[in-house]
Amino acid sequence: MTSFDETFQSAYAFNEPCIEVGNVTRDGSPRADLTIRVPLRMFNRHGLIAGSTGTGKTRTLQLLAEGLSRNGVPVFLADVKGDLAGMALPGVVNDKLTARMKSVGKDFVPASFPVEFFSLTGARGTQVRATVSSFGPVLLGKILDLTDVQQSVLAMVFKYCDDKQMPLLDFADLRSVLVYLSDEGKAELKQYGGMSGATVGVLVRKMVELEQQGAARFFGEPELEIADLMRTSSDGRGIVNILSLADVQDKPRLYSTFLMWLLGQFYYRMPEVGDVEKPKLVFFFDEAHLLFEDSSSALVEHIEQVARLIRSKGIGVFFITQTPKDVDEDVLAQLGNRVQHAVRAFTAKDAKNIRATASTFPESEFYEVDKLLTNMGTGEALVTVLNPKGIPTPVASTQILAPASLMSAVDDSVYLQAIAMSSVAKKYATPIDRESAHEILKRKLDEAAAVEQVEPPPPPPRQSDRAPWEAPDEAPRRTTTARRPRKEKSAVDQIFGSRMAQNVARQATRTVTQSIVRGIFGMLKGR
Ligand SMILES: Nc1ncnc2c1ncn2[C@@H]1O[C@H](COP(=O)(O)OP(=O)(O)O)[C@@H](O)[C@H]1O
Ligand SMILES: [Mg+2]
């Protein structure tokens, strides 16, 4: 036996439940006797699937999702192009697929999977919703493309609403609060570090723009509950939750932030479970470069933190991108399982990219990684996974197995049928409109108007920006110079408002108000 055979036989011989990925190739031919597998237990150590367009990333994702589902693990997939919806239908036998499987001594056995479709627009799947409040100022700021200053003003607006116990549920709430604060409520801003009314005005405009793009329907209640994504079917297979994103491809900020929100929900709401036999859920984030593109360093730092901490909650996260360089270095270091498809080089920049990609792989005794990177065929990849001891396995050039379900987009009828049969879809079918900031402010303004009508007009207040119902200050009002901007805060404090969160938390323990704590994405937790 050669050392090549010995290496790959022993390195991937795990004596525990695994998902098979493919077969080791040597000199371009697959070896039926040398299989590459990932221990089920190691899926919470996250992963990266990288490669140029058309090299097989989505099919690798599909294969892993199938394996997880078969093992009773629910998954959540971001379906950017609509070509993962085929998982609802069995694959179609053809010569190519038959030959691919035959080459490793297997039959191609088509199978469909239990899917549940979700959508940000409600078009091809159950409408997902999040409240503005739980979404938080940081992620909302990213969708709205805010500057740092605008971002901190938005954070203050959230704090204001927390303080006043005005729930921000839907877009109307946030719009009403912003409109109010830029007009009648201007004076109230003073207590919040002198937010500029002009900035609030900009926020109003940006919100209206976003609303016009139809994003508003996604904010509100009932909010998506993570328990609904963690189901298994009656035959024990994990549900494949597919977020259909093809219709919002032009709004990458909306869906990348939604996915971050969702990850945050898992992070906050799942109990610590340590290392588990199999993951509770695995998350596949296609087009993950969108997450890191023009993200503030603080946001990236926190993506890294969530990735690190979510592991002990039994959640795995796989990023799918064109090159490992799309993913922040600190996040990359958290991704234990790696499937690197071919990198197609056309320009000098591509060549540089290949060297950079090769450098993120461990040295190989048997393969010339950089050569393989450009020469691998479709559905082939360099693979290294974590063994049960958490040690990376030797890099293997691998022919990936074919997924059993359909590898293409599907007709609307497939979505419609799945939605019609879904109990989850029914739960979220009708939006709820509880009393929240919009209604509270409307009442406040109506009452003020009524008071003005019955009473003789009060003498004009000294400060013209004081609202009619506002009690006069006990202490003499400070002049404009009295309140200076606070000292420079760290980037993390500025954006995530850790001090703000602490203040709110402290206040919550003092009073019997709801305990609202904003965590690392500025999201609500621990309600
Ligand atoms: N593991 C595989 N088994 C069978 N066919 C594959 C496999 N990987 C890729 N292919 C073929 O290559 C095509 C492109 O793969 P895809 O995963 O969509 O590429 P990417 O997501 O990298 O753009 C697929 O439609 C399929 O025909
Ligand atoms: Mg793809």
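The written sequence of each chain sets the order in which its residues are numbered from 1. As a convention, the first chain written is A and the first ligand written is 1, with the rest following in written order. The predicted origin of the model limits local features to residues at a pLDDT of at least 70 and limits the giving and counting of side-chain atom pairs to 80 or more, whereas totals for whole chains, interfaces and linings rest on all residues. To get the side-chain values, take all heavy atoms of the structure and skip hydrogens and water.

Chemist: Before we move on, could you go through the overall build of the protein and cite the residues and values that matter?
Modeler: For the purposes of this entry, the term helix denotes a DSSP run of H or I that reaches at least four residues, the term strand denotes a run of E that reaches at least two, and both are numbered from the N terminus. The helix and strand tally for the protein stands at 19 helices and 14 strands. Each residue gets one of three labels from its accessible area relative to the maximum for its type: buried under 20%, exposed over 50%, partly exposed in between, using a 1.4 Å probe on protein chains only. The proportion of buried residues among the 527 residues of the protein is 54%. Contacts are residue-level and defined by heavy atoms, with any inter-residue pair within 4.5 Å sufficient. Intrachain contacts of the protein at a sequence separation of at least 6 include 76% that bridge at least 24 residues. What sets the accessible areas is the Shrake-Rupley method with a 1.4 Å probe; for residues, cover comes only from the shown protein chains. Surface accessibility of the protein: about 23600 Å² in total, with carbon and sulfur atoms responsible for 51%.

Chemist: I'd like a description of the site of ligand 1, backed by residues and values.
Modeler: When at least one non-hydrogen atom of a residue lies within 4 Å of a molecule or strand, that residue is treated as near it. Around ligand 1, the surrounding shell holds 17 residues, and the nearest of these are Gly54, Lys57, Thr58, Arg59 and Leu401. Any pair of nitrogen or oxygen atoms within 3.5 Å is treated as a polar contact; in protein, a donor-acceptor pairing is required on top of that, and neighbouring residues in sequence qualify only through side-chain atoms on both sides. Within the backbone of threonine 55, one N or O atom sits 3.3 Å away from an oxygen atom of ligand 1. Interatomic distance of 3.0 Å between a backbone N/O atom of arginine 59 and an oxygen atom of ligand 1. Coverage of ligand 1 by the protein chains reaches 80% of its 550 Å² of free accessible surface. For the shell around ligand 1, the secondary structure elements donating two or more residues are α2 (57–70) and α3 (95–102).

Chemist: Quick one: what's the story with the confidence of the model for the protein, residue by residue and with numbers?
Modeler: The predictor attaches a confidence to each residue, and that confidence, scored 0 to 100, is pLDDT. Per-residue confidence for the protein gives a mean pLDDT of 84, with 85% of residues at or over 70. Mean pLDDT across the elements of the protein bottoms out in helix α18 (residues 491–496) (33) and peaks in α2 (98). Segment residues 460–516 is flagged for pLDDT under 50; beyond a separation of four residues in sequence, or across chains, it makes 72 contacts in the model.

Chemist: Outline the side chain of serine 405, supporting the account with residue identities and numerical values.
Modeler: Structurally, the position occupied by serine 405 is in the loop between β12 (396–400) and α15 (412–420). Given the relative accessible area of 1%, serine 405 is considered buried. A distance of 2.9 Å separates polar atoms of two side chains, one belonging to serine 405 and the other to glutamine 62. Here serine 405 is in contact with Gln62, Glu66, Gly86, Met87, Leu89, Pro90, Gly91, Ala111 and Phe113, once residues within four sequence places are set aside.

Chemist: Break down the pattern of salt bridges for me, citing the residues and quoting the values.
Modeler: A pair is scored as a salt bridge if a Lys or Arg side-chain nitrogen falls within 4 Å of a carboxyl oxygen belonging to Asp or Glu. Within this structure, the stated rule accounts for 22 salt bridges. One salt bridge connects aspartate 228 with lysine 427, and the closest N-O pair in it is separated by 2.7 Å. With a gap of 199 residues between them, aspartate 228 in the loop between α8 (197–212) and β7 (240–244) and lysine 427 in helix α16 (residues 423–427) connect regions that are remote in the sequence. The exposure class assigned to lysine 427 is partly exposed, which follows from its relative accessible area of 39%. Connected through salt bridges with shared partners, the residues Asp5, Arg31 and Asp33 form a single ionic network.

Chemist: I'd love a proper account of unusual backbone geometry, names of residues and values included.
Modeler: Following glutamate 221, the chain continues to proline 222 via a peptide bond in cis, the omega torsion being 0°. The residue histidine 46 is not glycine, and still its phi comes out positive at about 65°. Tracing the backbone shows histidine 46 in the loop between β2 (29–39) and β3 (47–50). Here histidine 46 falls in the buried class, since its relative accessible area comes to 1%. Phi is positive for glutamine 165, close to 55°, though the residue is something other than glycine.

Chemist: How would you sum up the packing of aromatic side chains? Please name residues and give values.
Modeler: Under the pairing criterion, centres of Phe, Tyr and Trp rings, with the six-membered ring standing for Trp, must be within 6.5 Å; the plane angle then separates stacked pairs below 30 degrees from edge-to-face pairs above 60, leaving the rest tilted. One pass over the full model with this rule turns up 20 aromatic pairs. Both rings, one in tyrosine 12 and one in phenylalanine 14, keep their centres 6.1 Å apart while their planes meet at 55°; by these two values the pair is tilted. With relative accessibility at 1%, the residue tyrosine 12 sits in the buried group. Members of the aromatic cluster, connected to one another through ring pairs, are Phe4, Phe8, Tyr12, Phe14, Phe366 and Tyr367. Here the basic side chain of arginine 26 rests over the ring of phenylalanine 4, its NZ or CZ set 4.0 Å away from the ring centre. Geometrically, a charge over a ring is one whose NZ (Lys) or CZ (Arg) sits within 6 Å of the ring centre while staying within 35 degrees of the ring normal.

Chemist: Any chance you could break down the sheet that holds strand β5 (residues 115–119) for me, citing the residues and the numbers?
Modeler: Here, strands pair whenever DSSP counts at least two bridges between them. One open sheet accounts for twelve strands, arranged β2-β1-β12-β11-β10-β3-β9-β8-β4-β7-β5-β6; its pairing is mixed. Two strands in the sheet have a free side with no partner beyond their single neighbour: β2 and β6 (126–127). Relative to strand β10 (residues 337–341), β3 runs parallel, the two being bridged by four bridges. Residue pairing in the sheet places alanine 50 in a bridge with glutamine 340 of β10. Docked against the sheet, α2 engages β1 (18–26), β3, β4 (75–79), β7, β8 (281–285), β9 (315–321), β10 and β12, running at close to 140° with respect to β1. Here, axes are lines fitted to C-alpha atoms. For helices the fit covers the stretch in contact, and angles between N-to-C directions go from 0 to 180 degrees.

Chemist: Outline the side chain of serine 256, supporting the account with residue identities and numerical values.
Modeler: By the element assignment, serine 256 lies in helix α9 (residues 252–269). Using a relative accessible area of 1% as the deciding quantity, one classes serine 256 as buried. Apart from residues no more than four positions distant in its own chain, serine 256 is found in contact with Lys142, Phe285, Leu290 and Leu291.

Chemist: Report on α8, specifying residues and quantitative values.
Modeler: Think of an α-helix as turning once every 3.6 residues; residues three or four places apart then point the same way. What a helix is expected to span follows from its residue count: subtract one and scale by 1.5 Å. With 16 residues, α8 should cover 22 Å at 1.5 Å per step; its first-to-last C-alpha distance of 23 Å lies within 8% of that length. Among the residues making up α8, those that are buried are Thr199, Val200, Leu203, Val204, Met207 and Leu210. Buried residues in α8, looked at end-on, bunch into an arc of 150°, giving them a common side. The exposed set on the far side of α8, more than 90 degrees from its buried face, consists of Ala198, Arg205 and Gln212. Following α8 by one or two positions, glycine 214 adopts a phi angle in the positive range, close to 85°. What the arc describes is the spread of directions from the helix axis to the C-beta atoms.

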